[in-house]
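The primary structure of each chain is shown beneath.
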Amino acid sequence: MPRVGRVTDTGIQHSFASRVRRWLRVLCDDLWTLAADPLPPSVWLRWLPHGLLSLVALGVTIGATAQLRDNGGAGGQVAFLIGLAQGGAVILALWRPVPGWWLSTAAMVAGAVEVRRHLLAGGVHDFVWPWTAAGIIGQMAVLLLLALRVRARVSLETLALTVLVTYVIEGLWGASDYQPTGVLAITLFAVVVALGMALRGRREARAELGRQTTITAEERARRTLLEERTNIARELHDVVAHHMSVISIQAQVAPYLVENPSEELKENLAGIRQNALDALTELRHVLGVLRSENREDPYGLGEPGTGAAPDAPQPMLDRLDALIENTRAAGLDVVTDIRGEAPQYPTGVELSAYRIIQEALSNALRHAPGSEVRVEVSHDFHGLHLGVVNSRPQQPVPPSPGAGHGLLGMRERATMLGGHLTAARTQHGGFAVSAFLPRGETPPTAHP
């Protein structure tokens with residue numbers, strides 16, 4: 001039994017020693033460093049805090065030198081060196097806070113040792129000790145700069161060591177015929193460290209909030225982009241389905257248009273029709289994934305619960321006049337300028353052109369009420385040029401409930417077809433949207 005007890009005591013001692021060594025290692029890693037951590041300029045005050053701290057350092061140097069020389073009994077050179085170290089510690093803490101704290105604490109110890117010698121010799125009476133007034137101010141500035149830029153653990157470690165040094169000098173070592181300043185100094189140091197830690201925590205919280213806001217905005221933009229692509233895919237589904245249906249019907253009717261068709265021709269046409277039907281089925285499956293949020297109508301064929309396909313066809317350029325008339329009825333003065341003869345565009349090009357003009361006019365209605373709008377449509381050999389320019393608003397702009405990502409959808413439609421779109425404010429306070437959609441020979445660019 002005694003042997004077991006000795007083993008247990010040895011294990012406890014070994015565990016305690018391990019914890020002490022670990023704590024000392026952490027303490028050395030935190031405080032035994034010369035790493036630079038410069039105080040950044042203030043957002044609003046720029047370099048004013050640095051200038052004020054420089055004045056504080058100058059005042060600490062002059063005040064400490066005068067106190068130690070005139071009232072503390074120290075020689076002029078010694079007093080100046082200690083005062084210079086205490087003031088220089090404030091400047092050093094602007095760039096290297098931990099070394100600045102070491103310098104300030106060491107200067108305090110040197111001053112306390114020098115003044116204690118004169119106190120014990122009777123050459124000085126009733127002097128503040130171990131911290132002078134200038135030393136307290138300098139140490140407060142250093143601890144504040146340190147707490148603003150290092151982790152809370154390091155701030156607490158420096159405060160604890162400051163308290164320990166003060167206790168050892170005043171409480172254990174002691175002197176005679178002096179005014180104690182240890183309690184006052186420790187109280188002020190604790191308040192300063194707490195203030196610095198609170199300000200640092202507030203700054204970190206604001207920075208984290210800014211990062212989260214940026215991430216949220218990026219996620220919202222990404223989600224909006226995906227929603228726009230889904231909307232485009234839904235609209236183009238009708239276009240592609242129409243073409244595939246035509247192919248299927250033509251392949252089915254073609255054998256009856258030829259007298260005595262060969263079996264090989266019938267098999268090829270039957271294969272074409274079957275491939276078209278399979279493509280239609282797969283297209284419906286893909287669109288079902290895109291529209292999976294509507295369980296009653298997963299393929300987007302009609303209103304929820306009806307199961308019927310939509311009756312209205314997808315809008316093309318031939319319905320542009322009706323769109324402009326509706327916009328005029330809503331209060332905008334719209335002027336159209338159509339140049340060139342319209343060739344036969346692919347259905348996707350006409351659909352995208354209509355949607356781009358529709359979105360641009362909607363933006364003008366929301367953000368520029370009462371303005372004059374010019375819609376330009378130009379046809380040439382290369383493709384379709386679109387332009388929608390509105391003047392500055394003539395009426396108060398009401399708050400818009402939209403998400404502000406309509407331009408993403410327009411740009412996505414143009415990029416999908418191999419074209420491009422630009423949108424920018426004009427010099428006169430209006431807004432201009434310009435787009436180019438190729439006729440269909442240009443391959444579309446890949447999405448990132």
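What counts, and where the lines are drawn
Residues numbered from 1 in each chain as written. Predicted model: local features only at pLDDT ≥ 70, side-chain atom pairs only at ≥ 80, totals over all residues. Heavy atoms only, no water. UniProt positions renumbered as here; feature names shortened; annotations may be inferred. Helix = DSSP H or I, 4+ residues; strand = E, 2+ residues; numbered from the N terminus. Salt bridge = Lys/Arg side-chain N within 4 Å of Asp/Glu carboxyl O. Buried < 20%, exposed > 50% of the residue type's maximum accessible area, 1.4 Å probe, protein only. Expected span 1.5 Å × (residues − 1). Bend = angle between axes of the 7 residues up to and from the residue. Polar contact = N/O pair within 3.5 Å; in protein donor to acceptor, adjacent residues only side chain to side chain. Contact = heavy atoms within 4.5 Å.

You'll find the chain entered in an unreviewed UniProt entry as histidine kinase, with Streptomyces sp. R28 given as the organism. Turning to the chain, the UniProt record has this under Catalytic activity (unreviewed entry): "ATP + protein L-histidine = ADP + protein N-phospho-L-histidine."

Participant: Explain unusual backbone geometry residue by residue, including any values.
Facilitator: Following Trp129, the chain continues into Pro130 via a peptide bond in cis, with omega recorded as 5°. Within the secondary structure, Pro130 is located in the loop between strand 1 (127-129) and helix 5 (133-149). In this model, Asp177 sits at a positive phi of 60°, which is unusual for a non-glycine residue. Secondary-structure assignment places Asp177 in the loop between helix 6 (152-173) and strand 2 (178-180).

Participant: Please provide a residue-by-residue account of the UniProt feature "transmembrane region" (unreviewed entry) in the chain, values included.
Facilitator: As annotated in UniProt, the feature "transmembrane region" (unreviewed entry) corresponds to residues 47-66, 78-95, 128-147, 154-175 and 181-199 in the numbering used here. Counting secondary structure, residues 78-95 comes out at 100% helix and 0% strand; the distance between its end C-alpha atoms is 26 Å. In the segment residues 154-175, helix accounts for 91% and strand for 0%; the C-alpha atoms at its two ends are 31 Å apart.

Participant: Which residues make up the pattern of salt bridges, and what values do they have?
Facilitator: Close approach of charged atoms allows side chains with opposite charge to pair. Considering all chains together, one arrives at 14 salt bridges under this definition. The salt bridge involving Arg149 is made with Asp37; its shortest N-O contact spans 4.0 Å. In this pair, Arg149 sits in helix 5 while Asp37 sits in the loop between helix 1 (2-31) and helix 2 (48-71), placing the two residues 112 residues apart along the sequence. Classification of Arg149 by relative accessible area gives buried; the value is 8%. Note that Arg339 is salt-bridged to Asp337, the shortest N-O span being 3.0 Å. We classify Arg339 as partly exposed; its relative accessible area is 47%. The class of Asp337 is buried, set by a relative accessible area of 15%. Each of Asp30, Arg151, Arg153 and Glu157 takes part in one network of salt bridges that share partners.

Participant: So what's going on with helix 6? Which residues, and what values?
Facilitator: Spanning 22 residues, helix 6 covers 30 Å between terminal C-alpha atoms, matching the ideal 32 Å at 1.5 Å per step. Where helix 6 bends most, at Tyr167, the angle is about 30°. If you check which residues of helix 6 are buried, you get Val154, Ser155, Glu157, Thr158, Leu159, Thr162, Thr166, Ile169 and Glu170. Once helix 6 finishes, Gly174 follows within two positions and takes phi at roughly 75°, a positive value.

Participant: I'd like a description of the side chain of Thr158, backed by residues and values.
Facilitator: Relative to the helices and strands, Thr158 resides in helix 6. Given a relative accessible area of 0%, Thr158 falls into the buried group. Within polar-contact distance, the side chain of Thr158 engages the backbone oxygen of Ser155 at 2.7 Å. The residues contacting Thr158, other than those within four sequence positions of it, are Leu31, Trp101, Leu143 and Leu146.

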